[in-house]
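Each chain, letter by letter, is given below.
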Amino acid sequence: MAEFSMGQALNRALRDALAADPSVVVYGEDVGPLGGVFRVTDGLTAEFGEDRVFDSPLAESGIVGTAVGMAMYGRRPVVEMQFDAFGYPAFEQVVSHVAKMRNRTRGRVGLPLVIRIPYGGGIGAVEHHGDSSEMYYAHTPGLHVVTPATPADAYSLLREAIEDPDPVVFLEPKRRYWTKAEVDLPVRTEPMDRAVVRRTGTDVTLIAYGPMVDTVLEAAEAAREEGCAAEVVDLRSLSPFDDQTVTASVRRTGRAVVVHEAATFGGYGAEVAARVTEQCFHYLEAPVLRVGGFDIPYPPPELEEYHLPSVDRILGAIDRLQWESEWTAESPAVPGRRSEVGV
Amino acid sequence: MRVLPRQLDQPLLRPAVEPGVGAHALASPEQQATAPAFSGSTGPEEADSYVERHTMADTAKPKGGGTTRSTGGRRRSRKDSPSNIADEQPKVLLEYYRQMLLIRRFEERTGQAYTQARIGGYCHLNLGEEATIVGLMTALQERDYLFTNYRDHGYAIGKGMSPRSVMAELYGRSTGAAKGWGGSMHMYDTETRMLGGYGIVGGQLPLATGAALAISYRGGDEVVMCQMGDGTTNIGAWHESLNIASLWNLPVIFVVINNYTGMGTPVEASSAEPELYKRGSAFRIEGVRVDGRDVLAVRDAAANLVERARSEQRPFLLEATSYRMKGHSVVDPAKYRTKEQVEEARSNDPITAFEATLEKAGILTEEAKQEIADSVREEVADAAEFAENSPHPEVSTLFDYTYATPVANESRRMPADPVFAE
């Protein structure tokens, strides 16, 4: 066992994938000698040469478009969009071609490619550099959308994404790049399309993914101190969505809160709330609540902390879940109390 | 509508650039030989030979293709400025010097404040580009518009924004140009017609082209200047914008600041045609390359193109070669640069060079130098102090400008969310 940050685990996953499969190529803006803005590709050009890990021009549409061509011809390209919003110039390629090729060719041409995108906020990185763009991709049939929350998952999910016969949008929560954990690499965790229960509890299910999993775990710990046992589900895969794991958990607890950084309106939480309601209607004690970013363009660093879901806001949502007795009776907490905490 | 496709009988190639202005400033003999359309006497009747000569001579790739990493010989040696220093008004020259120094000291202070975590977000400095900025901004009239990329602090000051509002914006304070919401990459001021720094590479090009379209549409006589870095010439928006600008005869100057490095990738490794001023040829846009270290050369080249864009109503491409003194952004250690390259950048400091020229000409006395240094130091200190003491943006402003009306914002808040509980 050794300690790895998420960034290092991703780097190791790329290195092992390059070594395991000669058809894997890695390219994007400054992923070569510079090693990427977040150093995820550090040292790969030196180890595997410029033929397999190289810099591209500043042309996201071109990067994704050429990756489609490479994949059609039997390569397994792993390309990087330097930041979440830098992926928007490539949006047309992703939606119109990456997502549709297998269907369009009636299964004759699949695209085994991975688009890595550092996403989300929390590092004071302003507009274009703090976006949570997952819903654009999750809404598009034909794509897998995956996001790790731990170094072990970062390694395992990226390896699996590269091996997958279909295109995967691999979202890396940039605020967790430096989060460390003891991992025995190479590691394989649960399959890519499964959600996992990170913490068990009986009172409420907190559903999160990527950057918010750690925050939600923190909130669950704080809730425990107040007598509420929260279960935490880490979705890992946004598309496909693991109904089974989520449904089983909410049926046990009867209450659910979905947490994400992205704007709440039309966000991933809306889809989860709808699905949970459909699957668990007769088990629910309260409406499914969402805690997310506000419906505003990404705010400047000075105001970022208010925009992003915090432990307090998650606890505030838990308080609003129409509790009658149980843990609230034993603790001084009453519904709505959190609202006084405000920001 | 005024913007009709070009008439077929209109000359497709541009008249020669006037000798002594602009084009020759950096054009070495071999450039003159290989790029007649940009600096020679090509006329309409020579169109075919131009195309042929260009395609044959200029499109041959260097051996090794796009991944050539050699750095030798791609920078031109310094030429004497086209303008004779003796023909210039000393007062004007000293003002250029002062502006350059102001940007230098402002950016040094910015870098310092950023490393002290007083400035958030990302931060890209204009260190080493002072002569280019002052030359370009001098060439613009007050009524002309400016769009830039994210490396925009010096341009904002050069276009007339106060160092106070720029520094306060960098600090993210509510007194900043964009009330603290824009930050380093998004300086914006309608009054001085600085229509924005833009954080996405290439994002500003279609916008600037659109501004020029608006000017053309209403028959105005303003010109739009659109600044970008060398890496931008590879993104789709570049091709779309230059095509539209040329097709519809729009008064826009595309200015490429070529510091030979797109973040960490050398220009030869990203541009199939690394002589960027030639890249307008696909759109029949005349391109000029100028030594960005020379404030007078930049001014002359830019002024010439700006006035021609104004009178002839068509776009131009200006490439200013430049040295980036530091990494791509403040946090970039620039490990991809060799010691020699760093040293080369240092020895090509545009301010030191201009200072020496002015001293040699007897224009910059020891006394004046001290006076300018003092006043610049004071102005920067004042800007920083103003920023330090300015209020932070209020949390209650989070929803203020997402839509024109506050009602719409209210309706999109999360139901029962307690963030702004009374």
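Bear in mind the structure is a predicted one, so any value in this text is a computation, not a measurement.

Looking now at the overall build of chain A. Within chain A, the secondary structure is distributed over 13 helices and 14 strands. Residue burial in chain A is summarised as follows: out of 343 residues, 61% are buried. Residue pairs at least 24 apart in sequence account for 80% of intrachain contacts in chain A once pairs closer than 6 positions are excluded. When the accessible surface of chain A is split by element, carbon and sulfur atoms take 51% of a total near 12600 Å². For chain A, the separation between the mean place of its 32 positive charges and that of its 51 negative charges on side chains is 5 Å.

Glancing now at the packing of aromatic side chains. Considering all chains together, one arrives at 13 aromatic pairs over all chains under this definition. Aromatic pair A:Phe38 and A:Phe83: ring centres 5.4 Å apart, planes at 70 degrees, arrangement edge-to-face. Taken as a pair, A:Phe38 in the loop between β2 (24–28) and α2 (44–48) and A:Phe83 in the loop between β4 (76–80) and α4 (91–98) lie far apart in primary sequence, 45 residues in all. When the ring of A:Phe91 is compared with that of A:Tyr136, the centres are 6.0 Å apart and the planes differ by 75 degrees; the resulting orientation is edge-to-face. Taken together, the residues A:Phe91 in helix α4 and A:Tyr136 in helix α6 (residues 134–138) connect sequence positions 45 residues apart. A relative accessible area of 30% means that A:Phe91 is categorised as partly exposed. Overall, A:Tyr136 belongs to the partly exposed group, its relative accessible area being 45%. Among the aromatic residues, ring-to-ring pairing joins A:Phe38, A:Phe83, A:Phe86, A:Tyr177, A:Trp178 and B:Tyr122 into one connected group. A cation sits over an aromatic face here: A:Arg255 above A:Trp323, 3.9 Å from the ring centre.

Residues and elements named next belong to chain B. Closest axis-to-axis distance for the helix α4 (residues 90–115)/helix α12 (residues 350–360) pair is 10 Å, and the angle between their directions is 155 degrees. It follows from the interaxial angle that α4 and α12 lie roughly antiparallel. Crossing of α4 over α12 shows left-handed handedness. Here Leu93, Leu94, Tyr96, Tyr97, Met100, Leu101 and Arg104 of α4 lie close against α12, whose contacting residues are Pro350, Ile351, Phe354, Glu355 and Leu358. Looking at the contact of α4 with α12, its residues break down into 10 nonpolar, no polar and two charged.

Residues and elements named next belong to chain A. In this model, leucine 185 is joined to proline 186 through a cis peptide bond whose omega is 0 degrees. As for its placement among the helices and strands, proline 186 is situated in the loop between β8 (180–183) and β9 (196–199). With an omega dihedral of 5 degrees, the bond running from serine 239 to proline 240 counts as a cis peptide bond. Examined against the element boundaries, proline 240 turns out to sit in the loop between β12 (237–239) and α9 (243–253). Look at arginine 106: it is not a glycine, yet its phi comes out positive at around 50 degrees. Mapped onto the fold, arginine 106 is located in the loop between α5 (101–104) and β5 (114–119). Backbone geometry at arginine 236 places phi at a positive 65 degrees, although glycine is not the residue there.

Moving on, we get to the interface of chain A and chain B. Facing the 43 residues of chain A at the interface are 42 residues of chain B. Regarding the contact of chain A and chain B, the summed buried area is about 3500 Å², with carbon and sulfur atoms giving 66% of it. Together, A:Leu58, A:Glu302 and A:Leu303 form the three largest contributors to the area buried by chain A at its contact with chain B, with a combined 17%. Summed over the shared surface of chain A and chain B, the number is one salt bridge. Note that A:Glu302 and B:Arg173 form a salt bridge whose closest N and O atoms lie 4.0 Å from each other.

Bringing the packing of α9(A) against helix α10 (residues 268–280) of chain A into the picture now. All names here are of chain A. As a packed pair, α9 and α10 sit with axes 10 Å apart at the nearest point and diverge in direction by 65 degrees. Here α9 runs over α10; the crossing is right-handed. Facing Asp243, Val246, Thr247, Val250 and Arg251 of α9, the residues of α10 in contact are Arg275, Val276, Gln279 and Cys280.

Residues and elements named next belong to chain A. Here the domain parsing of chain A yields domain 1 (2–183) and domain 2 (196–341). One C-alpha centre belongs to domain 1, the other to domain 2; they are set 28 Å apart. Taken residue by residue, the interface counts 29 residues in domain 1 and 24 residues in domain 2. Interface area, domain 1 with domain 2, both sides summed: about 2000 Å², of which 54% is carbon and sulfur. Considering only the side of domain 1, the residues that lose the most area to domain 2 are Met135, Ala149 and Arg176, jointly responsible for 22% of the buried surface there. Joining domain 1 to domain 2, the criterion identifies four salt bridges. Note that aspartate 214 is salt-bridged to arginine 176, the shortest N-O span being 4.0 Å. If you list the elements that add at least two residues to the side of domain 1 that touches domain 2, you get α6, β6 (144–146) and α7 (151–163). Split by residue class, the side of domain 1 that touches domain 2 holds 13 nonpolar, 10 polar and six charged.

All names here are of chain B. Ordered in space as β2-β1-β3-β4-β8-β7, the six strands form an open sheet in which the pairing is parallel. On the outer flanks of this sheet lie β2 (194–197) and β7 (287–291), each paired with one strand and no other. Each strand of the sheet is rotated relative to its neighbour by a mean of 15 degrees, with strand direction disregarded. As paired strands, strand β3 (residues 224–229) and strand β4 (residues 252–258) are joined by six bridges and run parallel to one another. By the bridge assignment for β4, methionine 228 is matched with valine 256. Sitting on the sheet, helix α5 (residues 130–139) is in contact with β1 (145–148), β3, β4 and β8 (316–321), with an inclination near 170 degrees to β4. Contacts from helix α9 (residues 236–247) reach β3, β4 and β8 within the one sheet, and its direction differs from that of β4 by about 145 degrees.

As a further point, take the nonpolar core. When a protein is soluble and globular, its nonpolar side chains tend to lie buried together. One finds B:Leu136, B:Ile253 and B:Leu318 to be the most contacted residues of the largest nonpolar core, which totals 68 residues. When residues of this core are assigned to their parent elements, the largest contribution, 10 residues, is made by α4(B). If near-sequence neighbours (up to four positions away) are discounted, B:Leu318 is found in contact with B:Leu136, B:Ile253, B:Phe254, B:Val255, B:Val256, B:Val288, B:Val290, B:Ala301, B:Ala302 and B:Leu305. The next biggest cluster of nonpolar side chains, apart from the first, holds 44 residues, and it includes A:Tyr155, A:Ile162, A:Val168 and A:Met192.

The next point concerns the sheet that holds β2(A). Strand pairing in a sheet takes place through backbone hydrogen bonds and is either antiparallel or parallel in direction. Residues and elements named next belong to chain A. Strand order in the open sheet formed by seven strands is β3-β2-β4-β5-β7-β6-β12, and the pairing between neighbours is mixed. Taken across any chain shown, the strands that pair with only one partner, and hence form the sheet edges, are β3 (53–55) and β12. When the angles between neighbouring strand axes are averaged without regard to direction, this sheet yields 20 degrees. The sheet contact formed by β4 and β5 spans three bridges and is parallel. In the sheet register, glutamate 80 faces β5, and the bridge partner there is arginine 116. Those strands touched by helix α1 (residues 6–20) are β2, β3, β4, β5 and β7 (168–173), and its axis lies near 135 degrees from that of β2. Its contacts with the sheet place α7 against β2, β4, β5, β6 and β7, and it is angled at close to 160 degrees to β7.

Residue and element names in this part refer to chain B. Taking 1.5 Å of rise per residue, the 12 residues of α9 would be expected to cover 16 Å, and the 17 Å separating its terminal C-alpha atoms lies within 8% of that figure. Residues of α9 that are buried make contact with α8 (204–217), β3, β4 and β8. Directly after α9, the chain includes asparagine 249, whose backbone phi takes a positive value near 55 degrees.

It is worth spelling out the environment of A:Trp178 at this point. With respect to the secondary-structure elements, A:Trp178 resides in the loop between β7 and β8. For the pair formed by A:Trp178 and A:Glu305, sequence separation is 127 residues and the distance between their alpha carbons is 19 Å.

Cut-offs and rules
- Residues numbered from 1 in each chain as written.
- Chains lettered and ligands numbered in written order.
- Predicted model: local features only at pLDDT ≥ 70, side-chain atom pairs only at ≥ 80, totals over all residues.
- Heavy atoms only, no water.
- Helix = DSSP H or I, 4+ residues; strand = E, 2+ residues; numbered from the N terminus.
- Buried < 20%, exposed > 50% of the residue type's maximum accessible area, 1.4 Å probe, protein only.
- Contact = heavy atoms within 4.5 Å.
- Areas by Shrake-Rupley, 256 points an atom, 1.4 Å probe, with all protein chains shown as cover.
- Lys, Arg positive; Asp, Glu negative; His and termini not counted.
- Charge placed at Lys NZ, Arg CZ, Asp CG, Glu CD.
- Phe/Tyr/Trp six-rings, centres within 6.5 Å; stacked < 30°, edge-to-face > 60°.
- Lys NZ or Arg CZ within 6 Å of the ring centre and 35° of its normal.
- Axes fitted to C-alpha atoms, helices over the stretch in contact; angles between N-to-C directions.
- Parallel < 35°, antiparallel > 145°, perpendicular 65-115°, else oblique.
- Left-handed = near helix turned anticlockwise from the far one by under 90°.
- Nonpolar A, V, L, I, M, F, W, Y, C, P; charged D, E, K, R; others polar.
- Buried area = accessible area lost by both parts, 1.4 Å probe.
- Salt bridge = Lys/Arg side-chain N within 4 Å of Asp/Glu carboxyl O.
- Domains from an automatic or database assignment.
- Pairing = 2+ DSSP bridges.
- Core = buried A, V, L, I, M, F, W, Y, C linked by side-chain atoms within 4.5 Å.
- Expected span 1.5 Å × (residues − 1).

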